[in-house]
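Given next are the chains, with one letter for each unit.
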Amino acid sequence: MAKDELMPYEKAIEQFEVVIGLEVHVELNTKTKMFCGCANVFGSEPNTNVCPICIGLPGSLPAVNKKAVESSIAIGLALGCKIAPTGRFARKNYFYPDLAKNFQTSQYDEPIAFDGKLEVEIPTGEKFEVLIERAHMEEDAGKLTHVGGATGRIQGAEYSLVDYNRAGVPLVEIVTKPIFGAGDKAPELAAAYVRLIREMVKSMDVSDAKMERGNVRCDANVSLRPKGQEKLGTRTETKNVNSLRSVEAAVRYEIQRQAAILAKGGTITQETRHWHEDRGNTSSGRPKSDADDYRYFPEPDLVPVQPSSELIESIRSALPENPALRRKRLQSEWGFSELEFRDVVNSDLLDQIEETVKAGASAQSARKWWTGEIARVANSENKEISGLAVTPQDVAGIQKLIDAGKLNDRLARDVLAGVLAGEGTPEEVVAKRGLEVVTDEGALIAAIDQALAKQPDVLEKIREGKVQAAGAVIGAVMQAMKGQADAARVRELILERAK
Amino acid sequence: MSEITPDLVRHLAGLARILVTDQEVEKLAGELSLIVDSVATVNEAVKGDVPATSHPIPMANVFREDVVQPSLSQQQALSGAPDSAEGRFRVAAILDED
Amino acid sequence: MSELVHKSAAELAGLLAKKEVSSVEVTTAFFDRSEKFNSKLNSYLYLNRDNALAAAKSADQAIAEGKIGLLTGVPIAVKDNLTTTDAPTTSGSKVLEGWVPQYDATVVRKLREAKLPILGKTNLDEFAMGSSTEYSAFGPSRNPWDLDRIPGGSGGGSSSAVAGFLAPIAIGSDTGGSIRFPAAVTGSVGAKPTYGAVSRYGLIALASSLDQIGPVANTVMDCALLQDVIAGHDPHDSTSIPTSLGSMTEAVKTADPKGLRVGVVKQLSKDGFQPGVKAAFEDTIAKLVGQGAEIVEVDCPSFEYAIAAYYLILPAEASSNLAKFDSVRFGLRVTPEGNPTIERVMAATREAGFGPEVKRRIILGTYALSSGYYDAYYGSAQKVRTLIQRDLQAAFEKVDVIITPTAPTTAFKIGEKVDDPLAMYLNDIATIPANLAGIPGMSVPNGLASEDSLPSGVQILAPAMKDSQMYRVGAIIEQLYVAQWGSSLIHKAPKLEVL
Ligand SMILES: [Mg+2]
Ligand SMILES: [Zn+2]
């Protein structure tokens, strides 16, 4: 639907109540796959991390990865879920060429974790309670490449190629209960929820949590109902929304699209839709139909998972600090204002700043660098900050040099540029580019005298109390020193001259 | 009498990805009706609350350590494939986007 | 030395150990006979002479070095639903024709390690669905007692090979009687161990919760020797029993009828059995009583529903297990006219690659699992399974073993039941309960039916994990008949030369 056919967002929110539901798939970072000993690694040659089990050769049988089960339990606990005394694997039967056995080994009516609850804070600082329906274990599918036709698109492709390296990679699927009452905040809430999940699994080190690699993927269910109506509206499921920005945009788009249709007296078809990052809209996928009869039944090749309370408690005790508490702690440790802290959270910079402070920088200077210059660079190169070649240690190093008076702000920015360009540590960049500020007073005084000679009246003005007159000379001196001077010190020296 | 209609057979064959001709559908509907009628007796057998048995020998918590095992080579993996290209299994185009 | 082929595996092992004959000689003898008579029996789908003789050489080498195991150097036939890296594996289906697996089944690996030369791969009903081998895509095998009759199924290739002396022993698989029924109708011996006693890894799955690999031979001792070679825990099969069930060979040696309590199932001594089969069974009971065994009638009311439950559970699991045959990673691909989508290629391939019985069962299983029917069909069938287990538990509190006629009839004529699925399914009435309950069962010859002078068999059932008890009683019964006949019944079979 063209942008101008969408209902304006505010109008949509006025007329309809928004109900969302989120399914997040988390790829675990185990060494091996869910049911076989093949390496769970990203970016190998196609079909080199495969075996009779994960390409579904006749006669092969699955064997459950213990670490994957423990990671799943950990995620369940972090979500505040109950852990099932008996969890069972089930087969989800449907034909698709990226699914080696033409069934996905998943969990159905006996998931490992269920009934959880998360408090999710959105950028405005508002908090929402999100109820977790379940978290279950399953296996990822292989990767399809569509050849011919429109570039890599599935329509019009002449043929497709299948790589099963990803087939059988352990997934935990986290499903929320329907989320009511988020109103116009629904899109932000969706994004904040996914961010929180990502933060959690990252801090627990059960997933690499790189959305750009599909380690964390979100399917967003959206439905609208006229204000005051009991019955839920028909929902659409927007699949594989793979960045936080897209989650927010996709939910917002669906709200506007559905509102426009409903307002015209139309009906929403229950279907899966696809988010197009490039076009900023969703397109219709497959309508829900009999083809969705997955014929689940207990996986006869696997036995039930019955975690002992000892195991559960040992996993619970090893859980890292819960993100909400961690935020509270960091905010008070760092003494940031509400606004400063929210800015940091929303730009996903908690880890970087914490590390930078650990490396010896003050919280405020760490914040200034990450939310300031570094964010600016990332933006101009439109990259993720995490994608830039600068470490918290680098930032702390640069700040040390500033505090030692060896760098001024401009030089520091040059040093950062050098670090980003891969020229080495701040110290190395300083050395290579010769960026250190000149501290040799002799050289400074000589430069000052030269400048004063050109502007004899300046000293007079200063003596008359027009101290700002020093500015002109400072400028000249800095120029002469190619910026590698400490402006403050230059000013002092000029004032001494005037005495 | 069981509800195995030709349409149901067509639907089931679709789910099972098996092409069926109209004669096959008719034949199967007849055969399956007989079979279903006779197997439907399992309903009479179960009275009251009986647990299901999915594993004849009850076991639980059978796990594999998270240790990498040797994989097949790409060439081994593709050796049985009807068609392959660029180190991948090659298949006809897929229509429905999902 | 043609009489070599008429010796039991135990006798051959003795001669080999004493170096009175070499494995190469024995193996060659079986190939010479097989190449002569396989055209009559169609026992083998593939004969693997070169690889078998190489294995025989290395067996002779091992014997020369004094490394002598239970069956070192004794050649064996393997049912063609076990994967072998050195021979095509078809499971009796066009859909797999010509596929050479990338891995060996665990049982095949054990046979190689124990140095049993593998003569070839034996015929079976397509994917082991059948009781006669008439559903094999490669033509029926024939019964050495009467070439116009079926050798039983699904393992008719293995039973006819052993009964026809084309192999001393063979591997079978038993999902509802596929080892025991063929043994009964060919006058040979076959055992289905406790579920999980032998690894299923590499067995092309029919119904995962029912399938079990077991030995096929002409004597109880040969079955025991072979089970001792192939049994044991396998980490590749999560349903394989972690503990050892002990030595079956020892059990056979220590057979003693004194104080034996033998159960006879009320529900299986009703009508529906061929008179000669019934007479043979009563004769077995009389013989056991003569040895001082106590006969107890046991009540198993749920047996009445065994076939119904079986023909829901089997097709359901099979419909999912057989989904992987989709023309993508291995096996047949049929591409319809025009430029079809993968969906149509899959459907056309499965239409062309599967025989009528396989399609029938896949569609039946798809129905049993589909939403709205699951509880009534698959769900209830799984509960019947529980009831049958309870019946057997109660029975085994009163008796050490249960005996039944293995099959209601002797070998029927090829073509007699092929178009009547329901009639075909009734052959399994006595064998199915063991698969549903996971308990061990074996068939031992107990005479020739008066009306057609064809072999009949008696089935011995023991509690789960008590395979040794089953073997002990099997040996007792066998001894009683050898005493009467002066040899194993199989030596009364007509000579293939004259058939
Ligand atoms: Mg899922
Ligand atoms: Zn693998």
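Please refer to the structure higher up on the page.
Keep in mind it's a predicted model, so treat the numbers as computed, not measured.

Engineer: Explain the overall build of chain B here, please?
Structural biologist: Check the secondary structure of chain B and you find four helices and three strands. In chain B, the order of α-helices and β-strands from amino to carboxyl end is α-α-α-β-α-β-β. The C-alpha atoms of chain B give a radius of gyration of 22 Å, which is well past the 13 Å a tight globule of 98 residues would have. Principal-axis analysis of the C-alpha atoms places the extent of chain B at approximately 55 × 45 × 25 Å. Residues counted as buried form 47% of the 98 residues belonging to chain B. When contacts within chain B are restricted to residue pairs at least 6 apart in sequence, those whose partners lie at least 24 apart make up 34%. Each charge class in chain B was averaged separately, 7 positive and 16 negative side chains, and the resulting centres sit 5 Å apart.

Engineer: Please clarify how the sheet that holds strand β5 (residues 103–106) of chain A should be interpreted in this entry.
Structural biologist: Note on sheets: strands pair through backbone hydrogen bonds, and any given pair is parallel or antiparallel. Residues and elements named next belong to chain A. Sheet architecture is open: three strands sit in the order β5-β4-β15, paired in antiparallel fashion. For this open sheet the edge positions go to β5 and β15 (297–298), each flanked by a neighbour on one side alone. Pairing of strand β4 (residues 90–93) with β5 involves four bridges; the strand directions are antiparallel. Residue pairing in the sheet places A90 in a bridge with S106 of β5.

Engineer: Can you walk me through the coordination of the magnesium ion (ligand 1) in this structure?
Structural biologist: Residue and element names in this part refer to chain A. Note on the magnesium ion (ligand 1): its protein donors are E138 (OE), E138 (OE) and E173 (OE). The metal-donor distances range over 2.0 to 2.6 Å. Of this pair, E138 sits in strand β7 (residues 127–139) while E173 is found in strand β10 (residues 170–176), placing the two residues 35 residues apart along the sequence. Per residue, the accessibility class of E138 equals that of E173, and both read buried.

Engineer: Whenever I open this one, the packing of helix α10 (residues 306–321) of chain C against helix α12 (residues 356–369) of chain C confuses me. Can you help?
Structural biologist: Packed helix pairs are specified by the crossing angle of their axes together with the interaxial distance, meaning the distance between the axes. Residues and elements named next belong to chain C. Two elements in contact, α10 and α12, have axes whose closest approach is 7 Å; the angle formed by their N-to-C orientations is 100°. With respect to α12, the element α10 is oriented roughly perpendicular. Facing α10, whose interface residues are Y311, L312, L314, P315, A316 and S319, α12 presents R361, I362, L364, G365, T366, A368 and L369. When the residues that make up the contact of α10 with α12 are grouped by side-chain class, the tally is nine nonpolar, three polar and one charged.

Engineer: What should I look at first to understand the nonpolar core in this one?
Structural biologist: The tendency in soluble globular proteins is for nonpolar side chains to be buried as a group. Core analysis: the biggest nonpolar cluster contains 117 residues, and A:Y164, C:F127, C:F325 and C:I402 have the highest contact counts within it. With eleven residues, α10(C) is the single largest residue contributor to this core. Leaving out residues up to four positions away in the same chain, C:I402 has contacts with C:G263, C:V265, C:V298, C:L392, C:A395, C:F396, C:Q459, C:I460 and C:L461. Membership of the second largest hydrophobic core comes to 90 residues, among which are C:V26, C:L82, C:A224 and C:V264.

Engineer: Can you help me understand unusual backbone geometry in this one?
Structural biologist: Of the consecutive residues C:G153 and C:S154, the connecting peptide bond is found in the cis state with omega at 5°. By secondary structure assignment, the location of C:S154 is in the loop between β3 (118–122) and α5 (156–163). One non-glycine residue, A:D115, lies in the positive phi region at around 55°. Looking at where A:D115 falls in the secondary structure, it is placed in strand β6 (residues 113–121).

Reading the values: rules and limits
- Residues numbered from 1 in each chain as written.
- Chains lettered and ligands numbered in written order.
- Predicted model: local features only at pLDDT ≥ 70, side-chain atom pairs only at ≥ 80, totals over all residues.
- Heavy atoms only, no water.
- Helix = DSSP H or I, 4+ residues; strand = E, 2+ residues; numbered from the N terminus.
- Rg over C-alpha atoms; globule rule 2.2 N^0.38 Å.
- Buried < 20%, exposed > 50% of the residue type's maximum accessible area, 1.4 Å probe, protein only.
- Contact = heavy atoms within 4.5 Å.
- Lys, Arg positive; Asp, Glu negative; His and termini not counted.
- Charge placed at Lys NZ, Arg CZ, Asp CG, Glu CD.
- Pairing = 2+ DSSP bridges.
- Donors = N, O, S within 2.8 Å, 3.2 Å for Na, K, Ca; no water.
- Axes fitted to C-alpha atoms, helices over the stretch in contact; angles between N-to-C directions.
- Parallel < 35°, antiparallel > 145°, perpendicular 65-115°, else oblique.
- Nonpolar A, V, L, I, M, F, W, Y, C, P; charged D, E, K, R; others polar.
- Core = buried A, V, L, I, M, F, W, Y, C linked by side-chain atoms within 4.5 Å.

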